[in-house]
Amino acid sequence: MEKFLLRNIENPNSTDINEYIKAGGYKALLKAVEMKPADIVSEVRKSGLRGRGGAGFPTGMKWAFASADPKKPRYMLCNADEGEPGTFKDRPILEKNPHLLIEGMIISGYALEAEYGYIYIRGEYPAAKDILDAAIKQAHEKGYLGDNVSGKGVRFHLYVHQGAGAYICGEETALIESLEGKRGQPRIKPPFPVNEGFLSKPTIINNVETLANIPYIIEIGADAYAEIGSPDCPGPKLYSVSGHVKRPGVYELPMGITLREIIYDHCGGIRGDKKLKAVIPGGISTPILPADAIDCPMDFVNMPKHGSMLGSGAVMVFDETVDLVKVCYRAIKFFEHESCGKCTPCREGVGWMRAILERISGGSGTAEDIDLLIEVSNNITGKTFCPLGDGAAMVVQNFVKNFRSEFEEKIH
Amino acid sequence: MLSENAVKEIGLIRNKYHDAQSSLLPALYVVQKEHGWLSPEALKEVGEILNVPKAEVKGVSTFYAMFRHRPIGRHLIQLCTNVACMIMGSESLLNILKERYGLEPNGTTGDGRFSLVVMECIGACGTAPAMLVDTDFHDNLTEERIVNILEKYK
Ligand SMILES: Cc1cc2nc3c(=O)[nH]c(=O)nc-3n(C[C@H](O)[C@H](O)[C@H](O)COP(=O)(O)O)c2cc1C
Ligand code: SF4
Ligand code: FES
């Protein structure tokens with residue numbers, strides 16, 4: 001497949017605006033500013049693009065909601081928090097193709113009549129922050145940003161805002177709190193950000209990769225875009241593959257490619273030609289799959305039918321030597337560390353799950369511990385304020401469901 | 001005391017937002033970059049500049065793992081131990097840091113050269129195990145490589 005999101009990144013000067021323009025960059029912006037904002041929104045709607053941040057929400061629908069709210073100013077936010085363990089797919093765009101994101105944001109800002117944009121980037125990506133700052137400066141100098149975008153009287157100002165090490169700030173309402181200079185704790189929904197977001201104004205939040213798809217949709221048109229990948233979930237997708245494959249890395253492939261194809265055809269199969277044991281297909285929060293379940297199409301619509309989720313498209317591959325109880329324990333330790341403390345089932349319950357897993361993993365678990373672990377997880381499910389706590393419970397439930405014997409073997 | 005430069009930089013940051021408190025995180029970064037950490041006095045000063053109550057500034061800054069409220073060594077090692085790094089050997093790297101430098105998580109070497117913080121995923125899972133030293137990424141770490149890399153940070 002021809003690359004779009006990762007186009008030109010092998011060029012050592014790919015972050016330079018002139019190189020980007022030489023490779024066809026900012027053409028989509030020039031085309032977009034000749035269109036009516038509402039027509040861009042319907043084009044995005046027609047493309048079938050779904051948000052790449054994890055939930056797969058239809059982008060065009062979100063945009064239509066925001067356009068329908070008359071309050072101004074509106075804000076355009078880019079979620080570059082990329083904190084889901086296993087995920088490193090936005091990083092090549094941020095570090096190697098920053099102008100693609102910037103172009104996507106300017107078009108989005110124009111389409112949604114938002115004059116201010118912020119890229120909320122995780123504190124763990126300091127180099128990417130500097131690269132974005134430099135790229136924004138170049139875009140200003142070329143007249144693509146500012147009070148008169150491309151001489152069309154369009155205003156768009158773009159800033160980078162650095163997070164400071166809190167996974168929960170990837171959740172959109174926590175991100176807004178954090179951008180407002182507060183503790184990053186989620187807000188109650190509704191109101192949704194499209195109506196009351198940053199500084200209580202209509203706010204559109206999209207993931208880096210989602211926004212990077214916008215110039216492509218404008219460039220080739222919604223109809224051609226909708227032809228790529230799965231029918232209900234089109235487009236190119238970035239998969240970040242880690243763990244025991246021969247060639248880990250970020251791959252741009254069509255939506256709906258199977259896990260098997262990703263692992264064996266693109267990543268060269270399992271290292272040392274060992275046996276595959278399990279795969280986490282979409283970042284640590286998504287259900288773990290056993291080795292015989294990898295013939296599933298990787299997209300937002302089909303993965304739930306196969307017992308997991310696409311999530312962020314972060315494929316974590318485990319060979320036969322991996323101690324999955326330990327992996328489960330480490331995953332839950334992460335959620336305990338990142339729980340924002342706002343609601344009790346998550347703050348306390350995840351800590352309890354970690355304690356039980358620590359016991360089992362360390363060899364001092366009792367016969368009742370596995371059932372107790374599931375009971376605690378059931379008491380979290382459906383009772384948390386945001387999806388983080390639920391996600392942690394789901395991780396435990398799926399590890400035990402698919403690999404119960406490994407837990408039992410640890411109990412003497 | 002914040003330097004004149006820091007105060008000026010915070011003033012510039014302030015212009016990027018329609019509301020003063022939004023500049024709090026970037027302002028704290030400016031101070032942390034200058035002082036290496038956020039002292040109670042510095043938090044108070046930032047609060048005064050942005051007109052945010054002292055307790056709010058402290059509440060916010062302590063929420064975020066990357067803001068430091070104690071002095072640290074000259075170089076900060078941020079070693080990832082999350083799943084991808086764990087299965088690729090981050091535990092043995094922690095052992096090396098302990099054996100070779102006497103470094104424990106959240107500790108600082110006696111000579112003030114290194115501090116160590118254990119991280120959740122830093123987005124380098126494809127080249128695990130990985131760490132950040134100050135603002136530099138280092139990946140595909142082995143016991144040998146980590147020692148060689150750290151030798152460059154004096
Ligand atoms: C705990 C939690 C963490 C999240 N982390 C991220 C993240 O790091 N990056 C991201 O784009 N979306 C993340 N999301 C999803 C966002 O809330 C939001 O759905 C997304 O940014 C919307 O953009 P999209 O529609 O383009 O996907 C997270 C959600 C939750 C509940
Ligand atoms: S579920 Fe966890 S992270 Fe979400 S609001 Fe509750 S305590 Fe915070
Ligand atoms: S798990 Fe270590 S960088 Fe992602």
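Residues numbered from 1 in each chain as written. Chains lettered and ligands numbered in written order. Predicted model: local features only at pLDDT ≥ 70, side-chain atom pairs only at ≥ 80, totals over all residues.

Caption draft 1: Spatial organisation of the sheet that holds strand β4 (residues 136-138) of chain B. Residues and elements named next belong to chain B. Within the open sheet, the four strands sit side by side as β2-β1-β3-β4. Their pairing is mixed. Both edges of this open sheet fall to β2 (114-119) and β4, since each of them pairs with a single strand only. Averaged over all adjacent pairs, the angle separating strand axes in this sheet is 20°, with direction ignored. Judged from the three bridges that link them, strand β3 (residues 131-133) and β4 form a sheet pairing that is antiparallel. Its bridge partner being in β4, Val133 is matched across the sheet by Asp136. Set on the sheet, helix α6 (residues 90-101) makes contact with β1 (75-80) and β2; between it and β1 the angle comes to about 150°. (Pairing = 2+ DSSP bridges. Helix = DSSP H or I, 4+ residues; strand = E, 2+ residues; numbered from the N terminus. Axes fitted to C-alpha atoms, helices over the stretch in contact; angles between N-to-C directions. Contact = placed C-beta atoms within 7 Å.)

Caption draft 2: The pairing of β1(B), seen in detail. Residue and element names in this part refer to chain B. Of all six residues that make up β1, five are buried, and the element is covered over most of its length. Here β1 pairs with β2 via six bridges, running parallel. Paired with Cys80 across the bridge in β2 is Met119. Bridging between β1 and β3 involves three bridges; their strand directions are antiparallel. Considered in β3, the bridge of Leu79 is made with Met131. (Buried ≥ 20, exposed ≤ 12 C-beta atoms within 10 Å, placed from the backbone.)

Caption draft 3: Expanded view of the interface of chain B and chain A. At the junction of the two partners, chain B supplies 33 residues and chain A supplies 44 residues. Elements that contribute at least two residues to the side of chain B that touches chain A include exactly α2 (24-35), α4 (54-61) and α5 (83-87) of chain B. Here the side of chain B that touches chain A is composed, by residue class, of 21 nonpolar, nine polar and three charged. (Nonpolar A, V, L, I, M, F, W, Y, C, P; charged D, E, K, R; others polar.)

Caption draft 4: Expanded view of unusual backbone geometry. All names here are of chain A. Across the junction of Lys72 and Pro73, the peptide omega takes the value -5°, indicating a cis bond. Assignment of secondary structure puts Pro73 in the loop between α4 (59-68) and β1 (75-80). For the peptide bond that leads from Lys189 to Pro190, omega is -10°, which places it in the cis range. Mapping Pro190 onto the fold places it in the loop between α8 (172-179) and β5 (203-207). The backbone of Asn8 sits at a positive phi, close to 75°, despite the residue not being glycine. Within the secondary structure, Asn8 is located in the segment before α1 (17-22). In this structure Asn8 comes out as partly exposed when scored by C-beta crowding, with 19 C-beta atoms within 10 Å. For Leu199, which is not a glycine, the phi torsion comes out positive at approximately 50°. Within the secondary structure, Leu199 is located in the loop between α8 and β5. Take Leu199: there are 17 C-beta atoms within 10 Å of it, and that puts it in the partly exposed class.

Caption draft 5: Up close: the environment of Ala166(A). Topologically, Ala166(A) is positioned in the loop between β4 (154-162) and α8. A count of 26 C-beta atoms within 10 Å places Ala166(A) in the buried class. Sequence separation between Ala166(A) and Pro236(A) is 70 residues, and the spatial gap between their C-alpha atoms is 29 Å. Excluding its chain neighbours within four sequence positions, the residues that come into contact with Ala166(A) are Gly184(A), Phe63(B), Tyr64(B) and Ala65(B).

Caption draft 6: Summary view of the site of ligand 1. All names here are of chain A. Around ligand 1, the structure places 23 residues, and the nearest of them are Gly51, Gly53, Gly170, Asn207 and Thr210. Secondary-structure elements contributing two or more residues to the shell around ligand 1 are β5 and α15 (387-409). In terms of residue count, β5 provides more of the shell around ligand 1 than any other element does, three residues in total. Tallied by class, residues from the shell around ligand 1 come to seven nonpolar, ten polar and six charged. Residue assignment places the shell around ligand 1 across two domains, with domain 1 (17-227) and domain 3 (324-409) each supplying three or more. (Near = placed C-beta within 6 Å. Domains from an automatic or database assignment.)

Caption draft 7: Structural detail: α8(A). Residue and element names in this part refer to chain A. Of all the eight residues making up α8, eight are buried; the element is thus mostly covered by neighbouring parts of the structure. Burial in α8 covers these residues: Glu172, Thr173, Ala174, Leu175, Ile176, Glu177, Ser178 and Leu179. Positive phi shows up at Gly181, right after α8, with a value of about 80°.

Caption draft 8: The arrangement of the pairing of β1(A) in detail. Residues and elements named next belong to chain A. Across the six residues that make up β1, a large majority, six, are buried. Neither face of β1 is open: one carries Tyr75, Leu77 and Asn79, the other Met76, Cys78 and Ala80, and all of them are buried. The sheet contact formed by β1 and strand β2 (residues 116-121) spans six bridges and is parallel. When the sheet's bridge partners are listed, Met76 is paired in β2 with Gly117. Summarising the sheet, β1 and β5 pair through five bridges and their orientation is parallel. Across the sheet, the residue bridging to Cys78 is Asn206, located in β5.

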